[in-house]
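# Survey of secondary and tertiary structure
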Amino acid sequence: MTADGKEKKETTLASAGRESKAHFGVVNTPVYRASTILYPDIARLEARDMPFTYGRRGNPTVKSLEDAVTALEGAARTVLLPSGLNAAASAILVACSAGDHLLMADTCYAPTRSFCDKTLKRFGVETTYYDPTIGAGIAALFQPNTRAVFCESPGSLTFEVQDVPAIAGVARARGAALLLDNTWATPLHYPALARGADLSIQAVTKYIGGHSDLMMGYVAANERYAARLLEYHDNAGLYVSGDDCFLALRGLRTLAVRLKRHQETALTLARWLQGRPEVSRVLYPALEGDPGHDLWRRDFTGACGLFGVVLKPASKAAVTAMIDGLAHFGLGFSWGGYESLLVPADIKRSATRFAAEGPVIRIHAGLEAPEDLIADLTLGFERLKAAS
Ligand SMILES: *Cc1c(COP(=O)(O)O)cnc(C)c1O
């Protein structure tokens, strides 16, 4: 611990959730697989007096990850969920009931939008999309039945940074919950609950997993929402395996060193891309001059390796020629693994318009040497020019 009594997050990452004394001194909690838990007698069974009562409700590997995340988030409780999308959907279901109204950032992850427009609507919850840069102006959009405001900062594909503390202040005053999809920054670089979120949402699939081999999500709650979150999780029968928790814990331990490198490489690529004649602008809040840079500096302690690039006008054939021949950038969805990725961005907005000068691509800067990534992109731009 430091002089002010607060442990640094890097230390929490390395130490939280470990119970080696309970596992013969083994550093990492082993993989438990369990459905039935045996009770020694009727009295203990009737009192459910065992550390774990039934497989669906957890086992030591699951608890190890829950405890680590709860410590990292500074939360009251955390529940682990089968995917990041399920975490976003679950947080909304915890906060909203039939007849309620939800305010959703227009820049949310597209499948979160689909959940609201289709599934949530069937249960009688209406969604209004709002401009992510609205700040305290969100007050004007509140209805008497507005029960939750959902933020995602920076926004998916276009990376607008939200003034979460300002929005949270309005939500708190109106008795609404503030939900934040914090996947981009991770709890390492944005303390969601300390900035005013009631429910912090994370796609563990991305940087905590970190190796492109795991699907998981979590919701961490403050005291106000912890009981509702646990009740929902239990009643919905949500469960993740000990095997997957073991992988997530393995990723979590190295999150800080990986993110540092992802951010450094992303900045190197972003600055290089800014100087390219084929590029109109780069969308990356950690970059000086980005519209969200000041808010990012105020509220975040770092960035990840994911950013957008708006190209100058180019034909589909030219962009295809550029992307199809890349050697180090994989073509695929998701991100946060050790490897670099690049995808064309399909931007869906309904409350705002994203005016792009040309095609938009999203880059995930992996852990490769930046020189090799720049060489790969240089050849890509040559193909783009040749096909134009
Ligand atoms: C990927 C992603 C999700 C969904 O995570 P999955 O584990 O793929 O379901 C949610 N929110 C954001 C911001 C994401 O990028």
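What comes next concerns the included structure. (Residues numbered from 1 in each chain as written. Predicted model: local features only at pLDDT ≥ 70, side-chain atom pairs only at ≥ 80, totals over all residues. Heavy atoms only, no water.)

The next thing to look at is the pattern of salt bridges. Side chains that differ in charge, positive against negative, can pair when their charged atoms come close. Here the structure, examined in full by the defined rule, presents 17 salt bridges. Here Arg224 makes a salt bridge to Asp198, at a shortest N to O gap of 2.8 Å. Within this pair, whereas Arg224 is found in helix H8 (residues 223-236), its partner Asp198 is found in the loop between helix H7 (186-189) and strand S6 (199-203), the two being separated by 26 residues in sequence. Overall, the relative accessible area of 1% leaves Asp198 in the buried class. Ionic pairing is found between Glu264 and Lys260, a salt bridge with its closest N-O pair at 3.2 Å. Placement of the pair is Glu264 and Lys260 together in helix H10 (residues 255-274), with a separation of four residues, close to one helical turn. Judged by relative accessible area, which is 41%, Glu264 ranks as partly exposed. The class for Lys260 is exposed, based on a relative accessible area of 54%. Look at the salt bridges and you will find they share partners, linking Asp163, Arg195, Arg298 and Asp299 into a network. (Salt bridge = Lys/Arg side-chain N within 4 Å of Asp/Glu carboxyl O. Helix = DSSP H or I, 4+ residues; strand = E, 2+ residues; numbered from the N terminus. Buried < 20%, exposed > 50% of the residue type's maximum accessible area, 1.4 Å probe, protein only.)

Here the focus is helix H3 (residues 60-73). The terminal C-alpha atoms of H3 lie 20 Å apart, and with 14 residues this matches the ideal 20 Å at 1.5 Å per residue to within 8%. Most of H3 sits out of view: 11 of its 14 residues are buried. Listed as buried for H3 are Pro60, Thr61, Val62, Ser64, Leu65, Glu66, Ala68, Val69, Thr70, Leu72 and Glu73. On its buried face, H3 is in contact with helix H1 (9-15), strand S1 (77-81), H7, S6, strand S7 (217-221) and helix H9 (242-253). Near the N-terminus of H3, the side chain that reaches the backbone nitrogen of Thr61, with its oxygen 2.9 Å away, is that of Asn59. (Expected span 1.5 Å × (residues − 1). Contact = heavy atoms within 4.5 Å. Polar contact = N/O pair within 3.5 Å; in protein donor to acceptor, adjacent residues only side chain to side chain.)

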